[in-house]
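This is what each chain is made of:
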Amino acid sequence: HVSADGTQLFYASSSFGPNLDLYVRSIGANTTVRLTTLEGDARFPKANPAFPKTLAFCSNEGGTWEIYVMPDYSEPRKVTVVSEGGADSIHPTWSPDGRYLAYCTAAGPEGEWILKVKDLKTARTHTLETVDGLLPEWSPSGNRIVFQRMKRRDRWYSSLWTVEFEEGEAKNLTLVFDAEDFAAINPSWSPDGRRIVFATVAKSRDRAGVLDEGDDLWTVQEDGSRATRLTTSPAADWLPAWCPDGKIYFISDRDGTQRVWSIAPVPEK
């Protein structure tokens, strides 16, 4: 994850311990700061765009995955659990004004993942009952949330959808990108909210039978048009995050281990 001002890169790594911990690194610098030393794993760090020192993430330290908020990552020991508990909850994402946290939780009536939104001002949690999906990302330019949704057919390949959150309710559920023979996962918005970068699964010839890792990175317009392939490596490329300077950071094992890489896509005309 890249901070809204494009200066900080947050990520999870097991490089310095048995568990996944969170780290922050100034972009362009070589110094990395470790933020968590929890008993369990920590994943999916997200800095609040309105209050950059505030960090949300998920951890299974308590036995199930829950959403945590660190009010000031310079004081990482001060954390608060904000999810409701009772089911795994992962992948928090902030609204542009920093008031709301959307995340996904395995609490649907049939055990499927559904989206929830936590209002940190009122402490109320809104369950988007009709929106089953994973890995939500809030648009930096409005009230739209993009996420991946399982099709429950075609080997359970996922497609990309958006939903609007208004006055505590889900509105305008919209299919953005769909494919018959491969999955689209890990969506992330461009800084202006006009494009979406995502990873594919089982799309390329090199990785046609690999269903548990990413394949290549692609972008589409916010309406799903102009699908464009960004990477062509036989390695697994996934979990992209778009930086304000135009670069896209992502995870890849192209040098034999999982590391953070970046690519600069062609600017939109």
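This one's a predicted model, so the numbers in the text were calculated from it and none came from an experiment. (Residues numbered from 1 in each chain as written. Predicted model: local features only at pLDDT ≥ 70, side-chain atom pairs only at ≥ 80, totals over all residues. Heavy atoms only, no water.)

Enquirer: Report on the overall build of the chain, specifying residues and quantitative values.
Expert: Of regular secondary structure, the chain possesses zero helices and 22 strands. The C-alpha radius of gyration of the chain comes to 17 Å, within 12% of the 18 Å expected for a compact globule of 269 residues. By its C-alpha atoms, the chain is 45 × 45 × 35 Å across when sized along the principal axes. Residue burial in the chain is summarised as follows: out of 269 residues, 51% are buried. (Helix = DSSP H or I, 4+ residues; strand = E, 2+ residues; numbered from the N terminus. Rg over C-alpha atoms; globule rule 2.2 N^0.38 Å. Buried < 20%, exposed > 50% of the residue type's maximum accessible area, 1.4 Å probe, protein only.)

Enquirer: Lay out the nonpolar core in plain terms, naming residues and giving numbers.
Expert: Counting residues in each nonpolar core, the largest one holds 26 residues, and the members touching the most others are Ile 90, Leu 101, Leu 115, Val 117, Trp 138 and Phe 165. Setting aside chain neighbours within four positions, we find Ile 90 in contact with Phe 44, Cys 58, Trp 65, Ile 67, Tyr 103, Cys 104, Trp 113, Leu 134 and Leu 135. With 13 residues, the next largest nonpolar core counts Ile 185, Ala 199, Val 201 and Leu 217 among its residues. (Core = buried A, V, L, I, M, F, W, Y, C linked by side-chain atoms within 4.5 Å. Contact = heavy atoms within 4.5 Å.)

Enquirer: Quick rundown of the environment of Ser 74? Include the residues and the values.
Expert: For Ser 74, the location among the structural elements is in the loop between β6 (66-70) and β7 (80-81). Using a relative accessible area of 47% as the deciding quantity, one classes Ser 74 as partly exposed. Separated by 73 residues in sequence, Ser 74 and Phe 147 have C-alpha atoms that sit 30 Å apart. Within the structure, the side chain of Ser 74 is placed 2.6 Å from the side chain of Asp 72, a separation counted as a polar contact. (Polar contact = N/O pair within 3.5 Å; in protein donor to acceptor, adjacent residues only side chain to side chain.)

Enquirer: Tell me about the environment of Leu 35, and please be specific about residues and values.
Expert: Inspection of the secondary structure puts Leu 35 in the loop between β3 (32-34) and β4 (42-47). Leu 35 sits 122 residues away from Tyr 157 along the chain, and the two C-alpha atoms are 35 Å apart. Once you skip the residues sitting within four places of it in the chain, Leu 35 turns out to touch Phe 10, Leu 22, Tyr 23, Val 24, Leu 55, Met 70, Tyr 73 and Pro 76.

Enquirer: If you had to explain the packing of aromatic side chains to someone new, which residues and values would you point to?
Expert: Each aromatic ring pair is described using two quantities: the centre-to-centre distance and the angle formed by the ring planes. Tallied over the entire structure, the rule returns nine aromatic pairs. Relative to Phe 165, the ring of Trp 138 has its centre 6.1 Å away and its plane inclined at 80°; by these criteria the two rings are edge-to-face. Of the two residues, Trp 138 sits in strand β12 (residues 134-138) while Phe 165 sits in strand β14 (residues 158-166), which places them 27 residues apart along the sequence. In terms of burial, Trp 138 and Phe 165 fall into one category: buried. Stacked on the ring of Trp 261, the Lys or Arg Arg 254 has its end atom at 5.5 Å from the ring centre. (Phe/Tyr/Trp six-rings, centres within 6.5 Å; stacked < 30°, edge-to-face > 60°. Lys NZ or Arg CZ within 6 Å of the ring centre and 35° of its normal.)

Enquirer: Before we move on, could you go through the sheet that holds strand β21 (residues 248-252) and cite the residues and values that matter?
Expert: Ordered in space as β20-β21-β22, the three strands form an open sheet in which the pairing is antiparallel. In the strand order of this sheet, the two ends are held by β20 (237-242) and β22 (259-263), each with one partner. Along the sheet, successive strands turn relative to each other by an average axial angle of 30°, direction set aside. Summarising the sheet, β20 and β21 pair through four bridges and their orientation is antiparallel. Counted as the bridge partner of Asp 237 is Ser 252 from β21. (Pairing = 2+ DSSP bridges. Axes fitted to C-alpha atoms, helices over the stretch in contact; angles between N-to-C directions.)

Enquirer: Hey, could you go over the pairing of β20 for me, with residue numbers and the actual values?
Expert: Side-chain positions along a regular strand alternate between the two faces of the sheet. Burial of β20 is extensive: five of the six residues sit out of reach of the surface. If you look at the hairpin formed by β20 and β21, you'll find five residues sitting between the two strands, and Gly 246 has a positive phi there, around 100°.

Enquirer: Just give me the short version of the environment of Asp 245, but keep the residues and values in it.
Expert: Counting through the fold element by element, Asp 245 comes out in the loop between β20 and β21. In this structure the C-alpha to C-alpha distance between Asp 245 and Pro 191, which are 54 residues apart in sequence, comes to 8.6 Å. A polar atom in the side chain of Asp 245 sits 2.9 Å from the backbone nitrogen of Lys 247.

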